Amino acid sequence: ATRHRSKPSRTNPALCVANMTTRTARSSMAAAGRNSPHQTRVNHPHPLRGAQARPRASSPHSPLGQRRHDACCSTSARRMVATSSSSSSSLTPPTFQQRPQTPDDAKKNVGVLLLNLGGPETLEDVQEFLYNLFADPDILRLPEPLGWAQPLLARIVSYVRAPQSQEGYRAIGGGSPIRKTTEEQAEALQRAMDAKDVDAKVYVAMRYWNPFTEEAIERIKRDRITDLVVLPLYPQFSVSTSGSSLRLLEKIFRDDPALAPLKHTVIPSWYQRPGYVRAMANLIEREIQAYDSEEERKRGLGSRSAHVFFSAHGVPKSYVDEAGDPYKEEMEETVELIVGELKRRGIAYNGHTLAYQSRVGPVEWLPPPTAD
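The following paragraphs examine the structure supplied in this document. Keep in mind that what you see is a predicted model, and the values were worked out from it rather than measured. (Residues numbered from 1 in each chain as written. Predicted model: local features only at pLDDT ≥ 70, side-chain atom pairs only at ≥ 80, totals over all residues. Heavy atoms only, no water.)

## A closer look at the nonpolar core
Grouped burial of nonpolar side chains is what soluble globular proteins tend to show. The following threshold applies: By nonpolar core is meant a set of buried Ala, Val, Leu, Ile, Met, Phe, Trp, Tyr and Cys residues that side-chain atoms within 4.5 Å join together. Only protein chains enter the accessibility calculation, which uses a 1.4 Å probe; a residue whose area is less than 20% of its type maximum is buried, one above 50% is exposed, and one in between is partly exposed. Secondary structure elements are defined from DSSP: runs of H or I of at least 4 residues count as helices, runs of E of at least 2 residues count as strands, and each element is numbered from the N terminus. We call two residues contacting when some pair of their heavy atoms lies within 4.5 Å.
If you look at the biggest cluster of nonpolar residues, it comprises 63 residues, and the most contacted ones within it are Leu 113, Ile 217, Ile 220, Leu 249 and Phe 310. With seven residues, helix H9 (residues 327–344) is the largest single contributor of residues to this core. Every residue in contact with Ile 220, bar those within four places of it in the chain, is listed here: Leu 113, Tyr 203, Ile 225, Leu 228 and Leu 262. Counting 15 residues, the second-largest nonpolar core is a separate cluster that includes Leu 123, Phe 129, Leu 133 and Tyr 169.

Written as structure tokens, this is what we have:
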């Protein structure tokens, strides 16, 4: 998330903005109620079939869209088992029990696959990146009889939007920083696992630009990975982010017989993880307290006048209402958890707002829009 202080306004003399554009990461909700994202052995419906789909049990070798989603799992030969609180909004981290090693553990070759959106690295990449984005039916949905027109429409939309998008990327240095920051995250995760003696190798897969998911899977095959942990870097799940990446992985697994022996586990969402909530609260607290500086006080401002504005990436309203996408509910829970953490710390400020940005096309998107 990124934050900045805006110029004071009459209605909100101080404003702290929390950009929540890193959206999504859980497969769906079980019909009987919500399961904690820390809980193991949780059956989830297919991430792209929404609330209509029923959870089904399956083996570790089944396609990604049909297998069990274990929210916390082992990534090493130490084979840790997670246990957790049953409360879906609890900030209590799961505890881990170490199992004794077995002869089979010595044969394991574990990989961790980080999934992200990807982004154009140069201004010349922008139009082709946009084509890849809008050619995905999980991003731009057409009625089934018009599915044949998706590539053509994606080409037109990307051509029309490219100049405006290029200006945005030019303003931040001429390209997206997402590959660099994701690779830095992968390196940090690798160091953290090495420090804990977790024997696993980290890979990065982007959905719409380099390094593409297909490239990452080829590296995983070359390294003879036997057990794969799939971690979308979207804290909340949506069919248009984690769902799209998981659907692509499902197709790759289904079409490549060489991947049949590869066991895999998905961490579908992690917005409730205590470390994430605390990190977001730390960023916001720092911005709120900045209003107590001498310079800001001379302008008549103070931390108690700061309003926290959460701006999340939007999705079409039909994704939530018709497809059962849990994104809106999980985003609202995210805000509740962060606000609760700020309250626990005794941070005083002038309320908060959650809105959604980046609308595309004539369809109705989640309200309220950030621009309004």
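Next, the rest of the story.
## Re unusual backbone geometry
Here the residue pair Asn 210 and Pro 211 is connected by a cis peptide bond, since its omega of -10° sits within 30 degrees of zero. Within the fold, Pro 211 resides in the loop between strand S5 (200–206) and helix H4 (213–222). Positioned with a positive phi, Asp 197 is a non-glycine residue whose angle comes to about 60°. By the element assignment, Asp 197 lies in the loop between helix H3 (178–195) and S5. Of note in this structure, Ser 358 is not a glycine but carries a positive phi near 65°. Note that Ser 358 resides in the segment after strand S9 (352–357). Residue classification places Ser 358 among the partly exposed positions, given a relative accessible area of 35%.

## Points about the packing of aromatic side chains
Heads up, the condition is: Here a pair means two rings of Phe, Tyr or Trp (six-membered ring of Trp) with centres within 6.5 Å. Their orientation is stacked below 30 degrees between planes, edge-to-face above 60, and tilted elsewhere. A ring is scored as having a charge over it whenever the NZ atom of a lysine or the CZ atom of an arginine sits within 6 Å of its centre and within 35 degrees of its normal.
Counted according to the given criterion, the structure contains three aromatic pairs. A centroid spacing of 5.3 Å and a plane angle of 85° characterise the contact between Trp 270 and Tyr 276, whose relative ring orientation is edge-to-face. Of the two residues, Trp 270 and Tyr 276, both sit in the buried class. In this structure, Arg 141 is placed above the aromatic ring of Tyr 319, and the distance from its NZ or CZ to the ring centre is 4.4 Å.

## So, the pattern of salt bridges
The following threshold applies: Each reported salt bridge corresponds to a side-chain nitrogen of Lys or Arg within 4 Å of a carboxyl oxygen of Asp or Glu.
This model, assessed by the stated rule, comprises 21 salt bridges. Between Glu 341 and Arg 344 there is a salt bridge whose closest N-O contact spans 2.8 Å. In this pair, Glu 341 and Arg 344 both sit in helix H9, three residues apart, roughly one turn of the helix. When the shortest N-O distance is used, the salt bridge between Arg 345 and Glu 341 registers 3.0 Å.

## Considerations on the sheet that holds strand S4 (residues 110–116)
Rule in force here: Pairing between strands requires that DSSP locate at least two bridges from one strand to the other. Each axis is a line fitted through C-alpha atoms, taken for helices only over the stretch in contact, and angles between the N-to-C directions span 0 to 180 degrees.
Spatial ordering of the open sheet is given by S5-S4-S6-S7, a layout of four strands whose pairing is parallel. Sheet topology places S5 and strand S7 (263–266) at the edges, where each strand pairs with a single neighbour. Strand-to-strand, the axes of this sheet are offset by a mean angle of 25°, without reference to chain direction. As paired elements, S4 and strand S6 (residues 227–232) share six bridges and run parallel to each other. Of the residues in S6, the one forming a bridge with Gly 111 is Leu 228.

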